[in-house]
Amino acid sequence: MSMHKCGLFYTTYAAEDGLFRSRFQKLCLGLFLAAMLALPQLVDSYAVSILNLILIAVIGAVSLNLLTGMCGQMSLGHGAFVGVGAYGAAILSNAGAPFVAALLGGGAISAMVGMVFGIPSLRLKGIYLAISTLAAQLILEYVFLHASSLTGGANGLPVDPPQILGFAFDTDARIFYLILAVTALCVLAVTNVSRTRHGRAFVAIRDYHQSAENVGVNLFAYKLQAFGLSSFLAGVAGGLWSHYTMYITPEQFSMGLSISYLAMIIIGGMGSVIGSIFGAAFITLLPEMLNLLISSLGGIAPDLSAVIVPMKEGVFGLMLVLFLIFEPEGLARKWRLTKAYWKLYPFAY
Amino acid sequence: YKVGLLSDLTGATSSVGTPYAEGIKAYVAWLNENGGIGGEPVELIQVDYAYNVQQALAAYKRFTSEGIVAMQGWGTGDTEALVKFVAKDKIPVFSASYSAHLMDPAKAPYNFTAAADYSTMGRAGLNYLRETWKESRAPKLAFMFPDNPYGTAPIPAMEEYAKELGFEVVGKENVDLKAIDATPQLLSLKKAEPDFVWTGGTTPSTAVIMKDAQKLGMTCTFFSNIWSSDENIFKLAGDAATGHFGLQGAAIYGQPSAGMDLIRKLTKDQPQMTHYVRGFVSAMVMCEGMKMAKAKGEVTGESIKAALETMRDFDPMGLAPAVSYFADDHRPNLSVNICTFKDGKLEFVKTTVLERKKEWLGL
Amino acid sequence: MNGSSPLLDVQEVSLTFKNVAALSRVTCRVDKGSITSLIGPNGAGKTSMLNCISGRYTPTKGKISMDGRELTGVPAHKRTGFGLARTFQNIALFRGLSVLDNLMVGRHSRLGYGLLASILYLGKARREETRHRRRVEEIIDFLNLSPYRHTIAGHLPYGVQKKVELGRALAAEPQLLLLDEPMAGMNLEETEDMARSILDINEEWGVTVFLVEHDMGVVMDISDHVIVLDFGRVLASGTPQAVQTNPKVVSAYLGDEDGLYKGR
Amino acid sequence: MNILQVMNLEVVYNDVVLVLKGLSLDVAAGSITTLLGANGAGKSTTLKAVSGLLAGENGKVTSGSVLYDGADTVRLSPEKLVRAGVFQVMEGRRIFEDLTVEENLRCGAYTQPARLFAHNSEKVYSYFPRLRERRHQLAGYMSGGEQQMLAIGRAVMACPKLLLLDEPSLGLAPLLVEEIFDIVRRINKTEGVSVLLVEQNARMALSLADYGYIMENGRIVMDGKGEDLLRNPDVQEFYLGLGHGGEKRSYHDVKHYRRRKRWLG
Amino acid sequence: MEYYLQLIINGLVVGSIYSLVALGFVIIFKATKVVNFAQGELVMVGAYVCFALTVQFQLPFLASFLLTLAFSIVLATAVERLILRPLIGEPIISVVMVTIGLSSMLKSFVQMVWGTQIQVFPAILPQEPFMLLGLPIAPVYVAAFGLSALLFGVFSLFFKFSSLGIAMRATAFDQQAAQSMGIGIKSIFALSWCIAAVVSSIGGIILGNINGINAQLGHLGLKVFPAVILGGLDSLLGAALGGLIIGVLENICEGAAKDLLGLGGFKEVASFLILVVILMVKPYGLFGTKEIERV
Ligand SMILES: Nc1ncnc2c1ncn2[C@@H]1O[C@H](COP(=O)(O)OP(=O)(O)OP(=O)(O)O)[C@@H](O)[C@H]1O
Ligand SMILES: Nc1ncnc2c1ncn2[C@@H]1O[C@H](COP(=O)(O)OP(=O)(O)OP(=O)(O)O)[C@@H](O)[C@H]1O
Ligand SMILES: [Mg+2]
Ligand SMILES: [Mg+2]
């Protein structure tokens, strides 16, 4: 009879610190990635495009989670930071920069703008800061519209699909791989930050800024770094978005976008990277599911669907409310519970 | 044949988006009962995108994966965002965003509209006002519009044309779509004493402007574009609206024509907004293109576009000025219905027809 | 007294809020290697004093220097670099972090890698993390916190939280440890435990301790030197024996003589 | 006659953590009764169970009863209990920092008719002259001792019959500890308020109290008259820090082994 | 010069609407520490209900006014009970998000019941403007101005001197401690929401008189943020003045940006821009209570 170890034991700190601690987890990840890679071949382009939207949203949500969930600085202007990246990348791309450079450049511009709007965090806390980021949202929207020589103003800005080394990512399936890769990198980056010095400092600022300062965390510098990194990633999401949609207008980066990012991290679970992924998927899928439902109802009972259509926004609101009331830690907690259950399976008790 | 219908039923523009979509659906339903496209029905797939670009994009992807051959779009943001997609996928789109640059096939090869662009409307309005101007001095003109893509779109073109016609432009002011007060802007205009003021917002914001202007005792005449002067203007502005002008791309409910009789029949004499009529026309023009394509062979996005580009002076049952498209010019016409606000009603005045000038295309 | 070179030197420090003088011209010193206690009635300015030293407040007047280096004007977050660490009167843990991470944050200023290294988390960052983790584990062992290593700090019992806070301060490997009422709200057993830890820190690790505490039993027992504040002024200063018999201290702070043991 | 009788009380937090495991105690009318115990033993929980404040923390009484003046109060809301004369001074003072001293007192007097305010506040100011000086100051800026005085002052305003005090000496200077305890004694003597006192400072508490209970892990493990408990060798060792000869131990002598003696209960 | 003077007066006049809505916001915040992003939607619902009663059910205005207030009370109680009470003690962002969710639900509710069409209010107030320093002012605005002044006065006294008002502030600071004083925090919460909803409905009725109502009316709530933050979240005076200041600033900016910079459409952004600048100098707004931060 052989003995199996029950539970996990680590022999080095590094192993305990690893992202995927057991062989089983690594296997799952491998399977998941393989499935993702095969997916565009298996499903239709609508499904792939939804996946693309989700993946872009994941970057936005994960980056907002870094700022709001981890560092505790609530931002109502994240949509605009995505917009800065979108415009930045589009302008660079149109000026002839290669895609990767444009994407990083857009992120960098967004990071700078984000840091500028992060300056008030030096003095403002809580809701006061949130409102000042709302100001950022409105000011940036104004700029998108009025700097027409750069942004095309009201008419918007066309962008070509991304090209790397002559290969054009011009179909949903092709660009999917590109977006998937970038998203994976961004998620990895945030995960890494969260388990190192900077991530801990961010959480420290969130939990008790006075004592964070006394253990040597430079509050302002770290808040700015959080704003900077978060908007950098938001900018990358924006760059992907602009290259994916190939046409950007100021309306795409309105306050509604900021709110839906917040909804994503709330529903996913504040401060949790995996939660942001779930949240992004949930919020992106919600209107699609409702629309599908309404269309299918439309076939059966057209009168009913007329009543249901206005309920869509209500359902979004209701979801938000229900999650906050019944699952305030979001989908991330559900995930943890499921995982804990399977880890001990079949010896769950 | 499947046709996508992207509408705003719940979002920021839902108050006009809903009747527009109703118009489209009414026409298609009627068409299907009367033979469809050469015997085949048109199946509308409606999606409410709540005026959100991302949802519009997702909806469009769903349409394409369901195999639509054409699409009825709606607002500025979503139409613009889809320009490149529809071009690539070869799906002709009729939208209710009448930006001039969508009329240029070089920039937006698969975009069509059933009504003249905002710039043309503005020009037509100016043209009419200039014609009726009796005094010897140059008429003074001012603009009031929301500071958004839709509001700013026609302004440069109108300014240029106004100069050409001998207007003196005396002011430009922004009034937000959600404004509840336009006094500061009007105060600033009042100094310049304009004779005519362009209002390029929505009906509520136009109503605010008209009321505040009346309150301030201003005597200027307002002329407003297609989205800012529907039947609600009297409800909101009361008699402050009387005597001003609105520009329309389609008939007003009740304006006699064959098409209107049909609409009356379909709606059982329930009055409909002009947006309904315009949606009706938009669907009609699109279906006409599909019929033409069918007559030549297969109905695909590409063939519909080709067929539409051979369309000459198609009369949408008298509900709107005749429509023609060209391979290098997607302006349906350069005709604009001028109407005035009188006795609590919109009243048709005349149709102004401008020359199809090449240099105006896309501007 | 062990050693007489001052580690911390407070010169004529005054601190005023809108109209309250929390500290007025306080001069005192903490000798290297000693346990020095700061006592005084509520509102005397003890916490304010610690706040001035740790950089939370900026004195209106006066100078504070540590090991000969001027502290005044140095921002709070840089003072860990001077070898300064503190705990708080009301528990100020990072409630959402595990005990281990709380202590790792305590080491924040000793980790040197930058944001980019954090993002990539390769080579240098990884090595440093492991190295410092080892050190932190020692502190965890020392304070008997191992059972709670991965527990979220906010879920711990009060007494343990107080210890984690001490651990977090220790993680910075300070020369001077400022403790603000570490025994408040603890029962005898925990008080003895905490006192023992403080003595060990002082004796074995050679850390100088500046202690604010109302438990006279502890203060008089473990301190080398006691400073008494009253209304923001130094009322008395000296050995525990000298201070507890000082009539001014008795009437302002201790009450009758067995006030000494009122602490316990 | 007992004003308070707690019988076999069980309290559960978050539906999982069983904190009180059948606790029973009595408070005689007009007496001071003290409840001692280690950190986390459940002292505050006991008080909250009596005053009805458990619900706010996800706590529930799962069995047992609390009789106040002979009537079961387990299901009563805190506001009803305050009106009936049970008032808890919570751990950590919990004053309303952005209200002034006087406004804090008005909160304390919330259940009392407005006309009594002047009289009662006069009484508080006579107990705590320092509060009178500061009546218009924001309470948040006061020192710890003053805040504790205010917290007790608020209780006086409510004219309770049973006062529950949770660690009133926490963080107070020795002189003030004495002062606070004096005042508790005065309130008890002059107004006949019964007091249930939870304290870490066993020496003070036992010398003040008529009767004392010692709890461990959610149960009472020992009880007796105040002075009896003071003389009990176990209490002396574990709560008073005295060696076997009754002399004060030095902290230097406490060795590294962890004493974890528990009474069996 | 007269032009600028008129701009200022007009700003004050329009600002009084902002003040009115802001007051409701501050009342909720003061008693429950809830930052209510659904304030605009409360206003909207009030307006719609009153519209439905007067126009659709043909009730006399006074009756429908009172019924509207009654409805607000019911709505507020329900909202407080079902949505906000479970969130007591949760972090600020959760509360903000729940009110955002609430605003979506209210908007959707209005669209379901009344559709998306613009609805027009019966003219309750006289329409004839009167002149103030050469500027005609509609009576609606006078009503708003008077009402916000009145509410400001009443509630300032209420929060300062009445037991209930003080108890509300105490509850906002520390619910459990308030409970231990015998303050029934549930009724305090319900009450403060009711008051705020009533104030909002009145605001909605006034607003409906200005330019009809549609489902986008709630956007007004966004306007209120600069006002309340500028004044200080928990200050009634701040809300009252903040609204007026924002009104004036918007007007001045509209004029000045035009005259000096040639920028159009600056009005909407201006208030937020100025807000950020002011907050940098005064992080708790003009009259907000500074958070007492002691360690
Ligand atoms: N941030 C502040 N703003 C205004 N006054 C303050 C502030 N911090 C402290 N004070 C005042 O300074 C004085 C000293 O307070 P401090 O907290 O230093 O006292 P303490 O000696 O630590 O008292 P305790 O033993 O109760 O902790 C008090 O009167 C207090 O009100
Ligand atoms: N709200 C709560 N949720 C979950 N557990 C709790 C809660 N409050 C207290 N506990 C747990 O119940 C136990 C008893 O707590 P209680 O506060 O009653 O102890 P105590 O005897 O008053 O201790 P102290 O001396 O620290 O005040 C502790 O283990 C504590 O962790
Ligand atoms: Mg202190
Ligand atoms: Mg306790």
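Residues numbered from 1 in each chain as written. Chains lettered and ligands numbered in written order. Predicted model: local features only at pLDDT ≥ 70, side-chain atom pairs only at ≥ 80, totals over all residues. Heavy atoms only, no water.

When its secondary structure is counted, chain A shows 16 helices and four strands. Within the span of chain A, comprising 349 residues, buried residues form 58% of the whole. For chain A, the share of sequence-separated contacts (at least 6 apart) that also reach a separation of at least 24 residues comes to 76%. Carbon and sulfur atoms form 70% of the exposed surface of chain A, whose accessible area is close to 13,900 Å². (Helix = DSSP H or I, 4+ residues; strand = E, 2+ residues; numbered from the N terminus. Buried < 20%, exposed > 50% of the residue type's maximum accessible area, 1.4 Å probe, protein only. Contact = heavy atoms within 4.5 Å. Areas by Shrake-Rupley, 256 points an atom, 1.4 Å probe, with all protein chains shown as cover.)

Taken residue by residue, the interface counts 30 residues in chain E and 32 residues in chain B. When the buried surface of chain E facing chain B is broken down by residue, Tyr3, Ile118 and Asn211 of chain E rank first, second and third, together holding 22% of it. Where chain E meets chain B, there are zero salt bridges. Put simply, chain E and chain B have four residue pairs in polar contact (both at pLDDT 80 or more) between them. The set of elements that each furnish at least two residues to the side of chain E that touches chain B consists of helix H1 (2–32), strand E2 (135–137), helix H8 (185–211), helix H10 (236–261) and helix H11 (267–281) of chain E. Broken down by element, the residue count for the side of chain E that touches chain B peaks at six residues, all from H1 of chain E. (Buried area = accessible area lost by both parts, 1.4 Å probe. Salt bridge = Lys/Arg side-chain N within 4 Å of Asp/Glu carboxyl O. Polar contact = N/O pair within 3.5 Å; in protein donor to acceptor, adjacent residues only side chain to side chain.)

Within the first shell, the magnesium ion (ligand 4) binds the protein through Ser44 of chain D (OG) and Glu91 of chain D (OE), at distances of 1.8 to 2.6 Å. With Ser44 of chain D in helix H1 (residues 43–51) and Glu91 of chain D in the loop between strand E6 (86–89) and helix H3 (101–108), this pair connects stretches of sequence that are 47 residues apart. (Donors = N, O, S within 2.8 Å, 3.2 Å for Na, K, Ca; no water.)

Time to look at the side chain of Thr34 of chain D. Residue and element names in this part refer to chain D. One can find Thr34 in strand E3 (residues 32–37). Judged by relative accessible area, Thr34 falls into the buried class, the value being 0%. If we ignore the near neighbours within four places in the chain, the residues touching Thr34 are Leu197, Ala205, Leu206, Ala209, Tyr211, Gly212 and Tyr213.

In the structure shown here, the tally under the stated rule is zero disulfides over all chains. Left without a disulfide partner, Cys52 of chain C is nearest to the cysteine sulfur of Cys28 of chain C, which lies 11 Å away. (Disulfide = S-S within 2.5 Å.)

On to the coordination of the magnesium ion (ligand 3), then. Residue and element names in this part refer to chain C. Summarising the metal site, the magnesium ion (ligand 3) is bound by the protein donors Thr47 (OG1) and Gln89 (OE1), whose distances to it range over 1.8 to 2.2 Å. Of this pair, Thr47 sits in helix H1 (residues 46–54) while Gln89 is found in the loop between strand E6 (84–86) and helix H2 (99–106), placing the two residues 42 residues apart along the sequence. Judged by relative accessible area, Thr47 falls into the buried class, the value being 16%. Overall, Gln89 belongs to the partly exposed group, its relative accessible area being 22%.

In terms of nonpolar packing, the biggest core is built from 398 residues, with Tyr98, Phe223 and Val285 of chain B together with Val228 of chain E touching the most fellow members. Other than its neighbours up to four places away in sequence, Val285 of chain B contacts Phe94, Ala114, Leu308, Met311, Phe314, Val323 and Tyr325 of chain B. (Core = buried A, V, L, I, M, F, W, Y, C linked by side-chain atoms within 4.5 Å.)

For the rest of this paragraph, the subject is the site of ligand 1. Taken together, 17 residues form the shell around ligand 1, and within it Asn42, Lys46, Thr47 and Ser48 of chain C together with Tyr141 of chain D come nearest. Flanking ligand 1 are residues from chains C, D and E. Here Gly45 of chain C contributes a backbone N or O atom positioned 2.9 Å from an oxygen atom of ligand 1. Contacts to ligand 1 include Lys46 of chain C, whose side-chain N or O atom sits 2.8 Å from an oxygen atom. When ligand 1 sits alone it has 630 Å² of accessible area, and the protein chains cover 90% of it. With three residues, H1 of chain C is the single largest residue contributor to the shell around ligand 1. (Near = heavy atom within 4 Å.)

As a further point, take the arrangement of the chains. Between chains A and E lies the most contact-rich interface of the seven pairs of chains that touch. At no point do chain B and chain D touch; the closest pair of C-alpha atoms across them sits 38 Å apart.

Residues and elements named next belong to chain C. If you check the domain split of chain C, you get domain 1 (6–83 + 174–254) and domain 2 (94–161). Centre-to-centre separation of domain 1 and domain 2, based on C-alpha positions: 27 Å. The interface is formed by nine residues belonging to domain 1 together with seven residues belonging to domain 2. On the domain 1 side of the interface with domain 2, the three residues burying the most area are Thr80, Met186 and Trp205, jointly 52% of the side's total. Seen at the junction of domain 1 and domain 2, the total is zero salt bridges. Put simply, domain 1 and domain 2 have one residue pair in polar contact (both at pLDDT 80 or more) between them. Here the residues of the side of domain 1 that touches domain 2 sort into four nonpolar, three polar and two charged. (Domains from an automatic or database assignment. Nonpolar A, V, L, I, M, F, W, Y, C, P; charged D, E, K, R; others polar.)

Residue and element names in this part refer to chain D. In the vicinity of ligand 2 there are 15 residues, among which Asn39, Lys43, Ser44, Thr45 and Glu91 approach most closely. Interatomic distance of 3.2 Å between a backbone N/O atom of Ala41 and an oxygen atom of ligand 2. Side-chain polar atom of Gln200 to an oxygen atom of ligand 2: 2.8 Å apart, as the coordinates give it. Compared with its free state, where it exposes 640 Å², ligand 2 has 74% of that area covered by protein.

Looking now at the confidence of the model for chain A. The predicted coordinates of low-pLDDT regions are not to be read in fine detail. The predicted model of chain A has a mean per-residue pLDDT of 86, with 89% of residues at 70 or higher. Across residues 1–7 of chain A, confidence stays below pLDDT 50; counting only partners more than four residues off in sequence or on other chains, it has zero contacts. (pLDDT = per-residue confidence, 0-100.)

The next subject is the packing of aromatic side chains. This structure, assessed with the given rule, holds 42 aromatic pairs over all chains. Taken together, a centroid distance of 5.3 Å and an interplanar angle of 85° make the contact between Tyr27 of chain B and Phe280 of chain B edge-to-face. Here Tyr27 of chain B is found in helix H1 (residues 14–33), whereas its partner Phe280 of chain B is found in helix H11 (residues 274–296), with 253 residues between them in sequence. Here Tyr27 of chain B matches Phe280 of chain B in class, with each residue buried. Judged by centre distance (4.9 Å) and plane angle (45°), the rings of Phe142 of chain C and Trp205 of chain C are tilted. Note that Phe142 of chain C is positioned in helix H4 (residues 123–142) and Trp205 of chain C in the loop between helix H6 (188–204) and strand E8 (208–212), a separation of 63 residues in sequence. (Phe/Tyr/Trp six-rings, centres within 6.5 Å; stacked < 30°, edge-to-face > 60°.)

Residues and elements named next belong to chain B. Counting buried positions along strand E6 (residues 140–145) yields five of six residues, so the element is predominantly enclosed. As defined by bridge partners, E6 adjoins strand E7 (residues 168–174) across six bridges and the pair is classed as parallel. Counterpart to Leu141 in the pairing with E7 is Val169. By the bridge criterion, four bridges tie E6 to strand E8 (residues 196–199) in an arrangement that is parallel. By the bridge assignment for E8, Leu141 is matched with Phe196. (Pairing = 2+ DSSP bridges.)

As a further point, take the sheet that holds strand E7 (residues 176–180) of chain C. Residue and element names in this part refer to chain C. A sheet is described by the order of its strands in space; here six strands give the open sequence E6-E7-E8-E3-E9-E10, paired in mixed fashion. In the strand order of this sheet, the two ends are held by E6 and strand E10 (233–238), each with one partner. With direction set aside, neighbouring strand axes in the sheet form an average angle of 20°. Pairing of E6 with E7 involves three bridges; the strand directions are parallel. (Axes fitted to C-alpha atoms, helices over the stretch in contact; angles between N-to-C directions.)

This part takes up the sheet that holds strand E4 (residues 59–68) of chain D. Residue and element names in this part refer to chain D. Pairing is antiparallel in the open sheet, where four strands are placed in the order E2-E1-E4-E5. The sheet is open, and its two edges are formed by strand E2 (17–28) and strand E5 (71–72), each paired on a single side. By the bridge criterion, nine bridges tie strand E1 (residues 2–13) to E2 in an arrangement that is antiparallel. Counted as the bridge partner of Gln5 is Asp26 from E2.

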